[in-house]
Amino acid sequence: MAKCVSIMEVQNQPKKTSSLANVRVVVRLRPYMRKDDLKQQGPCVRGLDSQCLEIINWRNQLETMQYQFDAFYGEDSTQKEVYTESIEPILSNLLNGQNASVFAYGPTGAGKTHTMLGSPEQPGVIPRSVLALFRMTQAESSSRNYEQCDISISMSYLEIYQEKVLDLLEPKNQDLPIREDKEKNIFIPNLTQKTISSFADFEQHFIPASQNRTVACTKLNDRSSRSHAVLLVKVQKREQFSPFRQLTGKLYLIDLAGSEDNRRTGNQGIRLKESGAINSSLFVLSKVVDALNHGLRRIPYRDSKLTRLLQDSLGGSAHSVMITNIAPEHRFYFDTLTALNFAARSKQVVNRPFTRETIQATALAPLKRPREETDTNSGSNVLHKKKLKTEVEEESLEVERSPEAKGSPEVKEFSLSNLLKKEYKNPAVAERLEKLNKMFLKKNAKGIPLLSTPKRERQALLKVLEENQQEIKELKKRQKELEEKTLAAEALLHKSRSQSDLTVGDKENTFKIGCQVATSCGPRKQAIVFPLQVCNRVASTQEEGIPLLMREKQKKDTVEGNENEQGWDINMRVDMLEKGRQKILNVLNIGTLKELKCLQMIGDKKAKLIIGWREVNGSFAKVEDLQKVGGFSEKFIASFLKANILTSAAC
Ligand SMILES: Nc1ncnc2c1ncn2[C@@H]1O[C@H](COP(=O)(O)OP(=O)(O)OP(=O)(O)O)[C@@H](O)[C@H]1O
């Protein structure tokens, strides 16, 4: 609040350092206009330094009241000064996904529109900020980050006129509702949003829209704003690679209508009505500031459209700058005093800026985009046209959910993006991909979904997947052929048996199929080949003496919580098993390099290691002695035995 000091008192106050999150409050004093000072009383307010000003105390002409703000701009201050010192520093936050807002407040005729908009000769905060944003995005584009991000800028422009929210870009004379999403973001459905790719583009939309703003002549200002004008500039930065983060920063540039003392404005009729709406919304604004300062539970944001819209700027998440414009003439004295007191109170308002980041097109992406996104005019042309068709854009497609998946958090997690649906129409591949995704999530403690891996890696994985499928197909084919051969051989055997008079009696018949041997003796024994699809252990069909390749159903891995892929197991007669082992041991002890390499899982390197060990240490007593050779683990030997024993026993 103001502090009364004697005019003679030398003041040299310590300057307060304002926190970053505090609303930055600056005051700008309009140049004194002699023609407006009917009684030629001279200015009633003057600046003291870059932060302090003093105003006459109306109760005691010998005293002044001094105020200190984050910055004070005197009559000689330029548009550039105001912009460079107070506005430019907050703009960089937009590229980091944070919001910023600048609003000009003050009595009518004090210079709000001049400060925000300016003139072609003296451009104000709005044109300078938009230009700076384009420069910043260009600088970002030419930096190394360019390859990783797309940046787009869009704009919306509205006015609050007599408590109605009106679109200035495409005027429809329709009061637009103000809404709040789950993340407490304020947005206006159906408000026109135009993508702008250059400053010229911005001007093309902004200049005609500004003509749509309601202004009128009053006794205090020839072109008095009769509404609060809000320009919204949205900067979106999208990553091209996983995790496809999207940062959205919004900049609100607000030129408020001035508070009006209708005894002096001479307002009547419609002007009086407008003035009533302006004053009441500004009154709610001061109530909001007071409620925030007193830490009240209920902040009356909803009491006016203006405060509802400024919710983010005051006590919200934006980096906010409030420019309080004041006029030096005596006839504005009480308006100036009110404005200064309001500004001083606003200094205490603390905002909590945070980064607005969304993740696009991952398995965990939101199922429904925030309404705000869908309500805009979808003009998502990206600044850099070349990059328009990048995978980021494609992958930022909304994630859909099948009807049966509704309500299932698991399915929610593994939903495929539209991109994947489009790219891989084969349902089998999609299904495998989901399974892989599931497996990946299970194995990965951090839960990073496969679908969020970069496209290149994902494509490689998909290729492997398709190759595996191809392999399975071929295996199935070969299996079928084997089955057919077995049946044919069996039929042949049966035929020859029935043709002969079976004098041979119990003579053993042997036939070979590939590398597998089925012996036929006594009661006829069958080689049973299970189709790959049949996974159950069929104990009843297992006959002694026939090596069977069994596939166990859902074999549990010993690693906690991990379900192993279905595993293969061997069930053989003990003597055959021993025979197989002996054969392997034989090859290990006397086999040449070539013979060793014929063993499953033994390559050139391992074969050489075995020969080297043999030369130094002599023979292996048992297959497990392979462990003595460096590089053969117990687990490896077990798998090695499994892989070779059947073949060795059979040959
Ligand atoms: N810093 C300044 N330097 C020069 N002229 C200024 C300055 N500030 C304001 N003016 C002039 O003062 C007049 C009133 O300013 P402006 O229209 O910006 O006031 P306002 O606060 O927006 O008023 P209202 O609330 O009625 O719209 C204009 O003619 C404007 O050019």
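Refer to the structure presented above.
Below you will find a few notes about this structure. Note that the structure is predicted; figures quoted are calculated from it, not measured. (Residues numbered from 1 in each chain as written. Predicted model: local features only at pLDDT ≥ 70, side-chain atom pairs only at ≥ 80, totals over all residues.)

**Brief notes about the overall build of the protein**
Here's step 1: Scanning the protein from N- to C-terminus turns up 18 helices and 22 strands.
Here's step 2: Burial statistics for the protein: of 651 residues in total, 34% are counted as buried.
Here's step 3: Within the protein, contacts between residues at least 6 apart in sequence are counted, and of these 66% link residues at least 24 apart. (Helix = DSSP H or I, 4+ residues; strand = E, 2+ residues; numbered from the N terminus. Buried ≥ 20, exposed ≤ 12 C-beta atoms within 10 Å, placed from the backbone. Contact = placed C-beta atoms within 7 Å.)

**Details of the environment of S77**
Here's step 1: Relative to the helices and strands, S77 is located in the loop between β6 (71–73) and α1 (79–95).
Here's step 2: Residue class for S77 comes out partly exposed when judged on the 18 C-beta atoms lying within 10 Å of it.
Here's step 3: A C-alpha to C-alpha distance of 8.5 Å links S77 and L29, two positions 48 residues apart in sequence.
Here's step 4: Here S77 is in contact with R28 and V82, once residues within four sequence places are set aside.

**Things to note about the packing of α1 against helix α3 (residues 125–142)**
Here's step 1: Viewed as axis vectors pointing N to C, α1 and α3 meet at an angle of 45 degrees, and their least axial separation amounts to 10 Å. By the angle between their axes, α1 is oblique relative to α3. Pair α1 / α3 crosses with right-handed handedness. Contacts between α1 and α3 involve V82, Y83, I87, E88, L91, S92, L94 and L95 from the former and V125, R128, S129, A132, L133, M136 and E140 from the latter.
Here's step 2: A breakdown of the residues in the contact of α1 with α3 according to their chemical character gives 10 nonpolar, 2 polar and 3 charged. (Axes fitted to C-alpha atoms, helices over the stretch in contact; angles between N-to-C directions. Parallel < 35°, antiparallel > 145°, perpendicular 65-115°, else oblique. Left-handed = near helix turned anticlockwise from the far one by under 90°. Nonpolar A, V, L, I, M, F, W, Y, C, P; charged D, E, K, R; others polar.)

**Thoughts on α3**
Here's step 1: Counted at 1.5 Å a residue, the expected span for α3 with its 18 residues is 26 Å, and the 25 Å between its end C-alpha atoms agrees.
Here's step 2: Among the residues of α3, V125, I126, P127, S129, V130, L133 and T137 are the ones counted as buried. (Expected span 1.5 Å × (residues − 1).)

**A closer look at helix α15 (residues 574–590)**
Here's step 1: Given a rise of 1.5 Å per residue, 17 residues ought to cover 24 Å, and the 24 Å separating the end C-alpha atoms of α15 matches this to within 8%.
Here's step 2: For α15, the set of buried residues is G580, I584, L585 and L588. Considered in projection along α15, the buried side chains sweep an arc of 135 degrees and stay on one side of the axis. Of the exposed residues in α15, the ones pointing more than 90 degrees away from its buried face are D575 and I590. (Arc of directions from axis to C-beta.)

**Topic: the pairing of strand β4 (residues 52–57)**
The side chains of a regular strand alternate between both faces of the sheet.
Here's step 1: In this structure, strand β3 (residues 45–47) lies alongside β4, joined through 3 bridges in antiparallel fashion. Each residue of the ladder has a partner; that of G47, found in β4, is L53.
Here's step 2: The turn linking β3 back onto β4 is made up of 4 residues.
Here's step 3: With 6 bridges joining them, β4 and strand β5 (residues 60–68) adopt antiparallel strand pairing. By the bridge assignment for β5, E54 is matched with Q66. (Pairing = 2+ DSSP bridges.)

**Describing the nonpolar core**
Here's step 1: L231, V233, L253 and I254 are the most contacted members of the largest nonpolar core, which totals 88 residues.
Here's step 2: Top contributing element to this core by residue count: strand β8 (residues 149–161), with 8 residues.
Here's step 3: Leaving out residues up to four positions away in the same chain, L231 has contacts with I126, M155, Y157 and L253. (Core = buried A, V, L, I, M, F, W, Y, C linked by C-beta atoms within 7 Å.)

**Considerations on unusual backbone geometry**
Leaving glycine out, the prevailing phi sign among residues is negative, and the prevailing peptide bond configuration is trans.
Here's step 1: Here Q162, not a glycine, exhibits a phi torsion of approximately 50 degrees, which is positive.
Here's step 2: Position of Q162 relative to the elements: it lies in the loop between β8 and β9 (164–167).
Here's step 3: Given 18 C-beta atoms within 10 Å, Q162 falls into the partly exposed group.
Here's step 4: One non-glycine residue, M601, adopts positive backbone phi at about 70 degrees.
Here's step 5: Within the fold, M601 resides in the loop between α16 (593–598) and α17 (604–617).

**Remarks on the pairing of strand β7 (residues 99–105)**
Here's step 1: Of all 7 residues in β7, 7 are buried; the element is thus mostly enclosed.
Here's step 2: Relative to strand β17 (residues 318–326), β7 runs parallel, the two sharing 7 bridges. Paired with V102 across the bridge in β17 is V321.
Here's step 3: Across 5 bridges, the pairing between β7 and strand β16 (residues 245–255) is parallel. Within β16, the position partnered with F103 by the bridge is I254.

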